[in-house]
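Each chain is listed here by its residues.
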Amino acid sequence: QVQLVESGGGLVQAGGSLRLSCAASGPTFSDYVMGWFRQAPGKERQFVAGISQGGATTIYADSVKGRFTISRDNAKSTVWLQMNSLKPEETAVYHCAARGALYISTTPGDYNYWGQGTQVTVSS
C-alpha cells in the first residue's frame, strides 16, 4: 500500500508562489501515475495536474497551464507542484493522488490512493 503525505501549503498573497510536495512510501513509486487535485468548499474535487510514471508526460487543467508545473523524482519517491501567479479563487485543499495504471487520468475516481491534503489560501 502506498501512503502519500503532502506538505508545503500555507497562506500566500495573490500573485505569489507556493511549492507543494508529496512524499510517497514504498519502493514502487515509479509504478504510479501521480496527480494533484484541489477542492474548495462547496465545489467538486477538480483535476489540477498529472504526471506519467517516468515523468516524461505531464498534463494540466486549462486554468493552470503556464503557471503550474508538476514534477517527480522516483529516486526520492516525491512529486511536486510548483504554483506561480496564484489567484484567490485557487484557495482550496490540495491533494496528491496515485493511480496504478499506465495513463494519466483527470478523474478523481480513477486514483487509488490519496494524501490527506494541504490547505492553500490565496489572499488579495
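Nothing here was measured: the structure is a model prediction, and the numbers come from that model.

A few points about the overall build of the protein chain
Along the protein chain, the regular secondary structure elements total zero helices and eleven strands. Each helix and strand of the protein chain, ordered N terminal to C terminal, gives the series β-β-β-β-β-β-β-β-β-β-β. By its C-alpha atoms, the protein chain is 40 × 25 × 25 Å across when sized along the principal axes. The buried share among the 124 residues of the protein chain stands at 44%. Restricting the contact set of the protein chain to residue pairs at least 6 apart, pairs at least 24 apart contribute 58%. About 6,100 Å² of surface is accessible on the protein chain, with carbon and sulfur atoms providing 48% of the total. In the protein chain, 10 side chains carry a positive charge and 8 a negative one; their mean positions are 4 Å apart.

As for the state of the cysteines
Inspection of every chain in the model, using the stated rule, returns one disulfide. Here Cys22 is linked by a disulfide to Cys96, with a sulfur-sulfur distance of 2.0 Å. Residues Cys22 and Cys96 share a disulfide whose torsion about the S-S bond is about 55°; that sign makes it right-handed. You can see Cys22 sitting in strand E3 (residues 18–24) and its partner Cys96 sitting in strand E9 (residues 92–99), a full 74 residues away along the chain. In this pair, the class of Cys22 matches that of Cys96, namely buried.

Comments concerning the sheet that holds strand E8 (residues 78–83)
Pairing within the open sheet is antiparallel, and its four strands lie in the order E1-E3-E8-E7. Every interior strand has two partners, whereas the edge strands, strand E1 (4–7) and strand E7 (68–73), have only one. When strand polarity is set aside, the average angle formed by the axes of neighbouring strands in this sheet is 15°. Here E1 pairs with E3 via four bridges, running antiparallel. By the bridge assignment for E3, Glu6 is matched with Cys22.

Some points on the environment of Trp36
Among the structural elements, Trp36 can be located in strand E4 (residues 33–39). What makes Trp36 buried here is its relative accessible area of 0%. Spatially, the C-alpha atoms of Trp36 and Val79 are 9.2 Å apart, while their sequence positions differ by 43 residues.

Description of the packing of aromatic side chains
Using the criterion set out here, one finds five aromatic pairs in the structure. Look at Phe37 and Trp114: their rings are 5.0 Å apart centre to centre, the planes differ by 55°, and that puts the pair in the tilted class. With a gap of 77 residues between them, Phe37 in strand E4 and Trp114 in strand E10 (residues 113–114) connect regions that are remote in the sequence. According to the relative accessible area criterion, Trp114 is partly exposed, its value standing at 27%. Centroid distance Tyr111 to Trp114: 6.3 Å. Interplanar angle 65°. Geometry classified as edge-to-face. Here Tyr111 falls in the buried class, since its relative accessible area comes to 5%. Ring pairing ties together the aromatic residues Phe37, Phe47, Tyr111 and Trp114, which thus form one cluster. Cation over ring: Arg45 sits above Trp114, and NZ or CZ is 4.6 Å from the ring centre. Taking NZ or CZ as reference, Arg72 lies 4.3 Å from the ring centre of Phe29, over its face.

Cut-offs applied
- Residues numbered from 1 in each chain as written.
- Predicted model: local features only at pLDDT ≥ 70, side-chain atom pairs only at ≥ 80, totals over all residues.
- Heavy atoms only, no water.
- Helix = DSSP H or I, 4+ residues; strand = E, 2+ residues; numbered from the N terminus.
- Buried < 20%, exposed > 50% of the residue type's maximum accessible area, 1.4 Å probe, protein only.
- Contact = heavy atoms within 4.5 Å.
- Areas by Shrake-Rupley, 256 points an atom, 1.4 Å probe, with all protein chains shown as cover.
- Lys, Arg positive; Asp, Glu negative; His and termini not counted.
- Charge placed at Lys NZ, Arg CZ, Asp CG, Glu CD.
- Disulfide = S-S within 2.5 Å.
- Pairing = 2+ DSSP bridges.
- Axes fitted to C-alpha atoms, helices over the stretch in contact; angles between N-to-C directions.
- Phe/Tyr/Trp six-rings, centres within 6.5 Å; stacked < 30°, edge-to-face > 60°.
- Lys NZ or Arg CZ within 6 Å of the ring centre and 35° of its normal.

Such coordinate-based values are descriptive only and should not be taken to indicate function.
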